[in-house]
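Listed below, chain by chain, are the residues.
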Amino acid sequence: MLAGRESLVRLVGKRRRFLPNGHSLSTLVQSNDGEVVSVETVEGLSENSTKVEDEDSAVEMVTSDWVICPVCGNRVRGEAYNVNCHLDSCLSRGTKRKLTQRTLLQMKFCSGSVAHTSFCESEQLETNVDLMGLDNNEGKTALSGFIFSSTIEGNYSNCVVIPSNPESSMETCMDGSTVNGINSDGVDNKVEASLAINNEVPNCDMAVSVNNLSGLVIETFIVGRRFSDEKEINLGAAISLLRDPKNVKDPNAIKVISADAGCSKVLGFLPRDLAQHLSPLIDKYSLIFEGSVTSIPKHSLNVVPIQIVCCNMNLQSSMESGDIEVFTFLWKNVLTVATSAKIHPPDVTKYQQNFCLLLQEVLRSNPHLFTDDEKEYMESFTSLPVDSQRLFVRLYMRKGPWFRMSNILYREVLNSQEAVKALCAGYLRRFEDSYGMHDNEMKEILDLVTLSELREIMCMLKKNCKHGTRKQDLIASLVSLYKDGLCLLLPNLILDRTGTCIKISSKVESLLWRAERLFFLNSEQDLSAFLLVDMGVVKYPTYRCIISEPIFTDREDLLAYEEAIGVAQLMDQSLDDNDKESVLRCMKIADSRMCGSSTNSFRSTESEPLVIFLSCFSASWVYSKVVLLGVSFLEREHRYNDAIVLLKRLLICFPHDGRRGYWRMRLSIDLEHMGCPNESLSVAEDGLVDPWVRAGSKVALQRRVLRLAKPPRRWKVPSFSQSVKREIREVHIQGRPLNCETGMKSRFYGEDGEQCGVEQLALQYYAGEGEGWQGVHTESGIWLTIFGLLMWNILFSDAPNVFRTRFQTAPLDLETDSFYEVRKDIIESHLQKIQDGMAEEILITSWELYLGTACRGVNWERNSLSELRAVVTCSGGPFLASLCRYLAQDYRSWSSGMPDLVLWRFHGEYMGQMKLVEVKGPRDRLSEQQRAWLLLLMEIGFNTEICKVSPLQVSS
C-alpha cells in the first residue's frame, strides 16, 4: 500500500455514493498561465434541478485579489478556492436565481408552523434531555446556538455548556456538577434571554416532600418484554417492583413482577432512565412500590403502560436532615423523568431516538453552518409520522441505495406504504416508471434484480446468455446496451420484476452525511455508536465539554472542508481503479487549493499555537493528505522531480506540522535520486534544526547526514554522531525454522515443539537459560495502556475545546503539543507523584474505577492487572515518569515503535528488574522509529537490547 493511503482511507471513512460537487471536481480547465483550475457547477438541492452551464456560472481560480460574483454582483476574494460556496449561498437564498425548479430544501414538509416543529420547543427539549439519561438537577440546559451538554452518568459524558458562537465565548468552565448555574454567572445578558426560554422542564409537581409521598401515582411503562416470563398481560393486573442489582446490563435495573396471588412472574423492567434514579431510593430507603396495568398493547412485546404507587408511610421520622435533602433531590429526578416519558413514550424505537437526537444536537451546536431551508428541513423530520421516521432511519442505515418496496418489512413499521408516501415529499425518491432514469443509476437498479431475473431479461432481449455467466457480467452487458440506446425498454423490464423501488434522495443523504460528520467529528463513527452504548458494549469516559470557539467559523469553511473530503474520496477511488489520469487530476486540484487555503487557515495558529489541533478540520489539511499520497504515487512511478515540487510546497504551506520530518526525509531521498547529493544533504541538515522534526524522523535524518556529510562535502563531524552511532547490545539465538520464504513472517519450532513466531521463541529463551525472566509480547500496547491508566485524570481533565462530543475516547489535542502546554502544571504535579512511588496505587485505582471504559491506547483485555502491576513495580517511578512525560509532550511521535518484549523478574516482594527487548528475525532490520526508542531508553538508563533470531545451522 502506498505511504499515506491508509491515513487517507481513515479520513474519508465510508465512501459517499453521491458527491455534491462530484461533476465539477472531475471537470478541469487550464488557466492562462497553465495552472490547473476547476470549473464548479453549482447544483440545486432538488433531485432533478437544472444545472447552470453558461459562462456566468463558471468560476475560475485566478490569482487576482477580488472577483465579481456572477449571481449577486458582490466582490469576493479570488484567492479563496471556495468561491463556489459563495455562489451556493447566493443561489440558496434566491438572489437572482436562474434555476426554475424549486429545490428540495425549499419544499414544505409539514403544515404546522415553524414554531411547532422547532427543536427549541421546551417540551421537545425536555424529551431530548431524558433520552440521554439526564436528570433535572444535572444540567437540563439547552440553548439555541449553544452546544448541549450536562452531567451525564453511566455510558455518556460529563459536559458543560459554553457558547459556540465565535462572537460570545467563555474561557472558564462551571464548577460543580450542576450546569444550571450558568444562568447567574459567566454569560452575558443576551445569553440569559435564551436560557430563560429554553431552560424549561415539564409541568410536574416538584414541591414533593417526604410527607406527601405515599399514595402519589407515577405513570410509566414496562419495557424489555422479550425478557419476561409471562407474555400475556391482563388489563388492571396487579404489579410490584423488585430490584435486580446483579443485572449484567444495568446494575440499576428494576424488575416489574406480577403481584397476583400465587404468581410472581417477571413481566419486564422499568425504563432505564427511571430506574437510574428510582433504584437508589429503593436500595437506601427501602421504598415499596405497587401498581397496576393501565392499558394493553396490540403486540405482546410492546411497552405496557402502568401506574405505580409508593406504599411506605411516615418516612420522615426515620430520616436525618441530610437524608431528607438527598431523598428530595432523587425524587424530583424521578418525577422529571416520568413526566418527560409522557411526552415521548418509550415505544419510540431507540434508533429513532438516536437519529432525532443527532439532528437536534447538530442544529443546536452549529446553527451558523446551515441555511434556513436546511434547518427547516432537518427540524421537520420529527413532524413526520412515526412510521415514516422509523422507516427512513432503517433505510439510511442499510447499504442500498435502492430497495424493493416488496422487501420492506419491519415489525415496528405498521404501514410501510403510508410511510413511504409521506417520505416521498422530499426524503425518498421513487422508481416506478422509466421517466427520469439516468445512465449512472441503471447499474444500481440492476443490482436489485436476481440472477434468474437477469437471465430472463436477456432472453427477452434475444441476447446470448450462457448458464455460467456471472451476475456482474450480465449487469455490465445490460448497462452497455442501455447506454448505447439499444434497449430503451430496459427500465420497464426491470420494473415488471422488481415492482416499485425507492432510495434516499442523494441531496438528503449529503445533508445527513454533514450532520453525522459534525456530530462525531470523524469518519469512523456513525449511528451504530449509539447502539453500542445502548447495548453496553462500549462505555465512554466522563468529561466536560468546554466550548469557547467553533471548529468551523462559518459555512464556507465547512463546505470547503466537505469538498476537500470529496477530492480525497475521488483520489482513493481512482487508486482502486488504477486510473492514473484521475489520480493526477486529484493531485493537481489538491495542490492548487492547498496553498491558497492554508494561508488563512494557519494565520491564526501562529498567534494561537495551542489551538493548532483544530487545523485537522480545515480543507488545507485534507488536501495535504491528498498531496502526500500523490507524492507516494509519483515516487512509485519514478517521477521524482514532480514529487520534489509537491514536497517543497508542503513544507512551505505547513510550517507547524508534525509530518514535516517525513516530508523532509522523502525530499532528501528524492533529491538524491535526481542526482543532487549536495541539495539532498542541505535538506537533511535543515530538517535537524526544524523543531517539528522529531523521534524516528530526526534519527533517520541524522543517519542520513552522517552518510552524506563526508569529505569533501563536509569536513566537520556532526556533534550528534556519537549518540546516533551508539552501539545497542545484541543477543543472538537460534531456532529450528518452519519457513524461510522471503516476504513471509518467520516461523520457528519452539522449545515445546509447537510452532511460534520469533517473539515467542525469544520469550522462551529469556525464561530459560537460568535467567528466569517473565514477560509478554506487546510492543507499544502495554505502555500506552499504562500511560492511559496513570494519566486518566489528566487525559479527561477540564480543558477548552478538546471535548466536543460524548463519544470521544481522548481529547482532540492529545497528539499535539498543546496537550502538554495547556496542562503543564497538573501534568508535572502528577508525574512527581509517579516518580515518588505512587504509580502502582494510581494504576490500581484507575483499573477499579474505569474498567471497561473506552480510552485511547488502553486495552483492557490484552494485559491483566497483575501483569500491569508487575511492569509498573519493576520499572520504577523515575522511568515511568520520564516515559509518561515523553508521551504527554509528543504522543503522536512516541506512541509507536517501542520494543517488542517487556521482561521482568522480582527480587523479593517489592523489588524487581525490567528489560525491554526488540526481536528481529533473519531478514528484519530496525526501523528508524524503533532505533529512536532504543536510543532514548538507553539514554534514560534503561536495560535494553536487541535479540536476533537466526535459523539453526545443521552440520552435514
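Refer to the preceding data block for the structure.
Counting restarts for each chain, with residues numbered from 1 along the sequence as it is written. Only residues with pLDDT of 70 or above have their local features reported here, since the model is predicted, and side-chain atom pairs are shown and tallied only from 80 upward, although totals for entire chains, interfaces and linings are computed over all residues. As a convention, hydrogens and water are excluded, and side-chain values are obtained from all of the structure's heavy atoms.

1. Comments concerning the nonpolar core
Across soluble globular proteins, nonpolar side chains have a tendency to be buried as a group.
Move 1: Each nonpolar core is a collection of buried residues, namely Ala, Val, Leu, Ile, Met, Phe, Trp, Tyr and Cys, held together in the definition by side-chain atoms within 4.5 Å. Using a 1.4 Å probe on the protein chains alone, a residue whose accessible area is under 20% of its type maximum counts as buried, one over 50% counts as exposed, and one in between counts as partly exposed. In this structure, F392, W783 and I834 are the most contacted members of the largest nonpolar core, which totals 156 residues.
Move 2: Broken down by element, the residue count for this core peaks at eleven residues, all from helix 21 (residues 619-636).
Move 3: In what follows, residue pairs with any heavy atoms lying within 4.5 Å of each other are defined as contacts. Those residues in contact with I834 that lie beyond four places of it in its chain are L790, M791, A839, I842, G877, L880, A881 and C884.
Move 4: Counting 30 residues, the second-largest nonpolar core is a separate cluster that includes V304, C310, V334 and V337. For helices the rule is a DSSP run of H or I covering at least 4 residues; for strands it is a run of E covering at least 2, with both sets numbered from the N terminus onward.

2. Comments concerning the pattern of salt bridges
Move 1: In what follows, salt bridge is the name for a side-chain nitrogen of Lys or Arg lying within 4 Å of a carboxyl oxygen of Asp or Glu. Within this structure, the stated rule accounts for 42 salt bridges.
Move 2: Where E562 meets R514, a salt bridge forms, and the shortest distance between an N and an O atom there is 2.5 Å. With a gap of 48 residues between them, E562 in helix 19 (residues 555-576) and R514 in helix 17 (residues 506-520) connect regions that are remote in the sequence.
Move 3: Between E635 and R666 there is a salt bridge whose closest N-O contact spans 3.3 Å. With E635 in helix 21 and R666 in helix 23 (residues 660-673), this residue pair connects regions lying 31 residues apart in the sequence.
Move 4: Taken together, the salt bridges that share partners define one network made up of R5, R15, D572 and D576.

3. Quick notes on the packing of aromatic side chains
Two aromatic rings, taken as a pair, are described by how far apart their centres are and by the angle between their planes.
Move 1: Only rings of Phe, Tyr and Trp enter the pairing, Trp through its six-membered ring, and a pair is recorded when the two centres are within 6.5 Å. The plane angle decides the type: under 30 degrees is stacked, over 60 is edge-to-face, the rest tilted. Enumeration over the complete set of coordinates arrives at 34 aromatic pairs.
Move 2: Here F381 and Y427 contribute two aromatic rings whose centre-to-centre distance is 6.1 Å and whose plane-to-plane angle is 65°, an arrangement assigned as edge-to-face. Of this pair, F381 sits in the loop between helix 10 (372-379) and helix 11 (386-396) while Y427 sits in the loop between helix 12 (416-423) and strand 12 (428-431), and the two are 46 residues apart along the sequence.
Move 3: Between Y543 and F796, the aromatic rings sit 6.2 Å apart at their centres with planes inclined by 15°, giving stacked as the arrangement. With a gap of 253 residues between them, Y543 in the loop between helix 18 (528-534) and helix 19 and F796 in the loop between helix 29 (792-795) and helix 30 (818-822) connect regions that are remote in the sequence.

4. Observations concerning unusual backbone geometry
Move 1: Here the bond from G400 into P401 is cis, since omega is 5°, no more than 30 degrees from zero.
Move 2: Mapped onto the fold, P401 is located in the loop between helix 11 and strand 11 (402-404).
Move 3: The omega angle of the peptide bond from P711 to P712 is 10°, so this bond is cis rather than trans.
Move 4: Along the chain, the position of P712 falls in the loop between helix 25 (695-708) and helix 26 (721-724).
Move 5: At A695, a residue that is not glycine, the phi angle is positive and equals roughly 50°.

5. Some thoughts on a nonpolar patch on the surface
Move 1: By definition, no residue in a patch forms a salt bridge, and every one has over 30% relative accessible area; like charges are joined within 9 Å, nonpolar side chains (Val, Leu, Ile, Met, Phe, Trp, Tyr) within 5 Å. Each accessible area is a Shrake-Rupley result for a 1.4 Å probe, and residues are judged covered by the shown protein chains and nothing else. On the surface, a cluster of nonpolar side chains totalling about 340 Å² of accessible area is made up of L531, L532, M535 and V537.
Move 2: Overall, the relative accessible area of 45% leaves L531 in the partly exposed class.

6. Observations regarding the sheet that holds strand 11
Move 1: Ordered in space as 11-13-12, the three strands form an open sheet in which the pairing is antiparallel. Two strands in the sheet have a free side with no partner beyond their single neighbour: strand 11 and strand 12. Across the sheet, the axes of successive neighbouring strands diverge by a mean angle of 30°, strand direction being ignored.
Move 2: Two strands pair under a simple rule: DSSP has to find at least two bridges between them. Across four bridges, the pairing between strand 12 and strand 13 (residues 501-504) is antiparallel. The residue bridging L428 from the neighbouring strand is I504, located in strand 13. Between the N-to-C directions of two axes lies an angle of 0 to 180 degrees, each axis being a line fitted to C-alpha atoms and, for a helix, fitted only over the stretch in contact.

7. Section: the sheet that holds strand 5 (residues 217-222)
Move 1: Here six strands make up an open sheet; going across it, the order is 5-10-9-6-7-8 and the pairing antiparallel. At either end of the open sheet lies a strand with only one pairing partner, and these are strand 5 and strand 8 (266-269). Going from strand to strand, the sheet's axes swing by 35° on average, the running direction of each strand aside.
Move 2: Of the pairings in the sheet, the one linking strand 5 to strand 10 (residues 304-310) comprises six bridges and is antiparallel in character. In the strand pairing of strand 10, I218 is matched with I308.

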